[in-house]
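# Residue-level structural notes
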Amino acid sequence: MRVNINGAYNIEEHQVIIRDDESINSQSTITLLEQMLKEQPLGLLYIILDNAKYYRSKIVKEFLEKNQRIQFMFLPPYSPNLNIIERLWKFFKKKTTYNKYYEKFAVFKEKCLNFFENIDDYKSELESLMTENFQLIQA
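Residues numbered from 1 in each chain as written. Predicted model: local features only at pLDDT ≥ 70, side-chain atom pairs only at ≥ 80, totals over all residues. Heavy atoms only, no water.

### Considering helix α1 (residues 26-39)
The test is simple: Working definition: helices are DSSP H or I runs of at least four residues, strands are E runs of at least two. Numbering for both runs from the N terminus. Here a helix's expected span is defined as the number of its residues, less one, multiplied by 1.5 Å. A 1.4 Å probe rolled over the protein chains alone gives each residue an accessible area, and that area as a share of the maximum for its type sets the label: buried under 20%, exposed over 50%, partly exposed in between. Whether two residues are in contact is decided by their heavy atoms: any pair within 4.5 Å suffices. The definition of a polar contact used here is a pair of N or O atoms within 3.5 Å, where within protein one atom must be able to donate a hydrogen and the other to accept one, and adjacent residues in sequence count solely through side-chain atom pairs.
Look at α1: 20 Å from first C-alpha to last across 14 residues, which is about the 20 Å you get at 1.5 Å a residue. The set of residues buried in α1 consists of S26, S28, T29, I30, L32, L33, M36 and L37. Residues of α1 that are buried in the fold lie against β1 (5-10), β2 (15-20), β3 (45-49), α2 (58-66) and β4 (70-74). In this structure N25 caps α1, since a side-chain oxygen of it lies 3.0 Å from the backbone nitrogen of Q27.

Here you go:
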């Protein structure tokens, strides 16, 4: 069993939109995009993404043609350090899974979803973590 959480993070408002889907694929991505459009009914939505294949699928491209307020911005391959939501996933795992054991999957899933339902509890920690400041690492 597995928890499939798909999400988006608004860096300006420090708000999160998440979905618990059976699997993450083109259709669940479209559903997330629809939810994002409802949450922000005006203006352009710039969405920074990794290079998962479902973002470039035919049905997602068709959806974007019909919803031109959404602008995808793809990150270079193998650059999770540039994807702000990766910081959120790491923080989420730290708060919900590190040094914790859940005997039942239902309890684990509930704890995962409760983290996001109560994300305001972590507001001060997230405001310093979820910034547009990146460090360049030179080899």
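### Comments concerning the packing of aromatic side chains
How we decide: Each pair of aromatic rings taken from Phe, Tyr and Trp, with Trp reduced to its six-membered ring, is defined by centres within 6.5 Å and is described as stacked if the planes are under 30 degrees apart, edge-to-face if over 60, and tilted in the remaining cases.
Scanning all chains against the criterion turns up 13 aromatic pairs. Plain terms: the ring middles of Y55 and F72 are 6.2 Å apart, the flat faces sit at 75° to each other, and that makes the pair edge-to-face. Of this pair, Y55 sits in the loop between β3 and α2 while F72 is found in strand β4, placing the two residues 17 residues apart along the sequence. The exposure classification of Y55 matches that of F72, with both residues buried. The interplanar angle of 35° and the centroid separation of 4.9 Å between the aromatic rings of F92 and F116 together place this pair among those described as tilted. With F92 in helix α3 (residues 84-96) and F116 in helix α4 (residues 105-117), this pair connects stretches of sequence that are 24 residues apart.

### Brief notes about the layout of surface pockets
We apply this condition: Lining residues are those with an atom within 4 Å of a point, where the points come from a 1 Å grid over the protein atoms alone and group into cavities, where a 1.4 Å probe fits but cannot get out, or pockets, open sets with protein on both sides within 12 Å along at least five of seven lines. Grid points are joined across faces, edges and corners, and a volume is the space filled by probe spheres set on the points. When residues are sorted by character, Ala, Val, Leu, Ile, Met, Phe, Trp, Tyr, Cys and Pro go into the nonpolar class, Asp, Glu, Lys and Arg into the charged class, and all the rest, Gly among them, into the polar class.
When its volume is computed, the largest pocket comes out at roughly 1,400 Å³. For the largest pocket, the lining is made up of 46 residues, of which G7, A8, Y9, I48 and I85 are closest to its centre. Listing elements by their share of the lining of the largest pocket, those giving two or more residues are β1, β2, α1, β3, α3 and α4. Grouping the constituent residues of the lining of the largest pocket by class yields 29 nonpolar, 9 polar and 8 charged. Of the volumes computed, that of the second largest pocket is approximately 160 Å³. Lining the second largest pocket, in full, are D50, N51, L75, P76, P77, Y78, S79, P80, N83 and E86. A breakdown of the residues in the lining of the second largest pocket according to their chemical character gives 5 nonpolar, 3 polar and 2 charged.

### So, the packing of α1 against α2
Note the cut-off: Working convention: axes come from line fits to C-alpha atoms, limited for helices to the stretch in contact. Angles between N-to-C directions cover 0 to 180 degrees. Every angle not falling under 35 degrees, over 145, or within 65 to 115 is termed oblique; those three ranges are roughly parallel, roughly antiparallel and roughly perpendicular. By definition, turning the near helix anticlockwise from the far helix through less than a right angle yields a left-handed crossing, and turning it clockwise yields a right-handed one.
The interhelical angle for the contact between α1 and α2, taken along N-to-C directions, is 20°, at an axis separation of 9 Å. Taken together, the axes of α1 and α2 lie roughly parallel to each other. Here α1 runs over α2; the crossing is right-handed. For the pair formed by α1 and α2, the contact residues are S26, Q27, I30, L33, E34 and L37 on the first element and I59, V60, F63 and L64 on the second. Its residues assigned to classes, the contact of α1 with α2 shows 7 nonpolar, 2 polar and 1 charged.

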